[in-house]
Amino acid sequence: MPDALVYVTSAAALAAAVFAGWHTARSYRFSNPLFYSVAVVEVLLLACLVWGIVAVTGTDRDVEKALYVSYLATTVLIPPASVLWGIGDKTRWGTGVVAVAMFTVSVMLIRTHQIWVGHG
């Protein structure tokens with residue numbers, strides 16, 4: 001996976017996590033700007049997923065393909081699940097779930113990159 005795509009997507013996820021954390025600290029409910037920030041992360045993750053599937057099918061690298069694709073697929077599923085939870089929970093902790101989810105996405109994406117380059 002291209003380093004730039006990983007770092008941009010990971011940075012976007014961390015920015016969304018900070019924004020969601022700010023919502024939590026201020027006791028704000030889930031908002032449209034928070035939704036849009038998570039949507040940007042989701043679009044970037046879909047690009048990572050498509051690139052990853054195409055790359056893993058056409059490579060002769062020693063990559064555990066099932067593990068790699070499962071990490072990519074899981075990172076794509078986390079943001080929509082957190083948004084549903086965040087919208088459904090009317091307390092401040094709905095946005096707290098989104099903050100934790102976006103941080104998790106960032107960490108999982110870095111781990112996915114490590115699998116791709118062969119460091120784990």
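All of the points below concern the structure found in this document. Throughout, residues of each chain are indexed from 1 in the direction in which the sequence is written. Since the coordinates come from a predicted model, pLDDT governs what is reported: local features require at least 70, and pairs of side-chain atoms require 80 or more to be given and counted, while whole-chain, interface and lining totals use all residues. Remark: hydrogens and water are excluded; side-chain values derive from all non-hydrogen atoms of the structure.

1. A look at the environment of Pro-33
The following threshold applies: In DSSP terms, a helix is any run of H or I states spanning at least four residues, a strand is any run of E spanning at least two, and both are numbered starting from the N terminus. The cut-offs for exposure are 20% and 50% of the maximum accessible area for each residue type, with area from a 1.4 Å probe on protein chains only; residues under the lower value are buried, those over the upper are exposed, and the others partly exposed.
Within the secondary structure, Pro-33 sits in helix α2 (residues 32-57). Since its relative accessible area comes to 46%, Pro-33 is described here as partly exposed.

2. Remarks on the packing of α2 against helix α4 (residues 93-117)
Where we set the bar: Axis geometry follows a simple rule: fit a line to the C-alpha atoms, using only the stretch in contact for helices, then measure angles between N-to-C directions, giving values from 0 to 180 degrees. Angles below 35 degrees are treated as roughly parallel, those above 145 as roughly antiparallel, those between 65 and 115 as roughly perpendicular, and all remaining angles as oblique. Two helices that cross are described as forming a left-handed crossing if the nearer one is turned anticlockwise from the farther one by less than a right angle, and a right-handed crossing if clockwise. Residue contacts are defined here by distance: any two heavy atoms, one from each residue, within 4.5 Å place the two residues in contact.
Closest axis-to-axis distance for the α2/α4 pair is 12 Å, and the angle between their directions is 20°. Classed by the angle they form, the pair α2 and α4 counts as roughly parallel. Every pair of crossing elements has a handedness; the one defined by α2 and α4 is left-handed. Of α4, the residues touching α2 (which contributes Leu-34, Val-38, Val-41, Leu-45, Cys-48, Trp-51, Ala-55 and Val-56) are Thr-95, Val-98, Met-102, Val-105, Leu-109 and Trp-116.

3. A short note on the packing of aromatic side chains
Our working definition: Paired rings are identified among Phe, Tyr and Trp, the last through its six-membered ring, by centres lying within 6.5 Å, and are further divided according to the angle between planes into stacked (under 30 degrees), edge-to-face (over 60) and tilted (the rest). Any Lys NZ or Arg CZ that is within 6 Å of a ring centre and within 35 degrees of that ring's normal is treated as a charge sitting over the ring.
Within this structure, the stated rule accounts for five aromatic pairs. Summarising the aromatic geometry, the rings of Trp-22 and Tyr-28 are spaced 5.2 Å apart at their centres and angled 75° between planes, so their arrangement reads as edge-to-face. For the ring pair Trp-51 and Trp-116, a centre distance of 5.5 Å and an interplane angle of 80° mean the geometry is edge-to-face. One end of the pair, Trp-51, is in helix α2; the other, Trp-116, is in helix α4, and 65 residues separate them in sequence. Since its relative accessible area comes to 31%, Trp-51 is described here as partly exposed. Ring-pair connections join several aromatic residues into one group, and the members of that group are Phe-19, Trp-22 and Tyr-28. It is Arg-92 that lies over the ring of Trp-93; its NZ or CZ is 5.0 Å from the centre.

4. Notes on a nonpolar patch on the surface
This is how the line gets drawn: Patch criteria: residues need more than 30% relative accessible area and no salt bridge. Like-charged residues are merged within 9 Å; nonpolar side chains of Val, Leu, Ile, Met, Phe, Trp and Tyr are merged within 5 Å. In this description, accessible areas are obtained by the Shrake-Rupley approach with a 1.4 Å probe, and a residue is regarded as covered only by the protein chains that are shown. A pairing counts as a salt bridge when a side-chain nitrogen of Lys or Arg comes within 4 Å of a carboxyl oxygen of Asp or Glu.
The grouping of Leu-14, Phe-103 and Val-107 at the surface amounts to a nonpolar patch, some 270 Å² of accessible area in total. Take Phe-103: it is sitting in helix α4. For Phe-103, a relative accessible area of 49% gives the class partly exposed.

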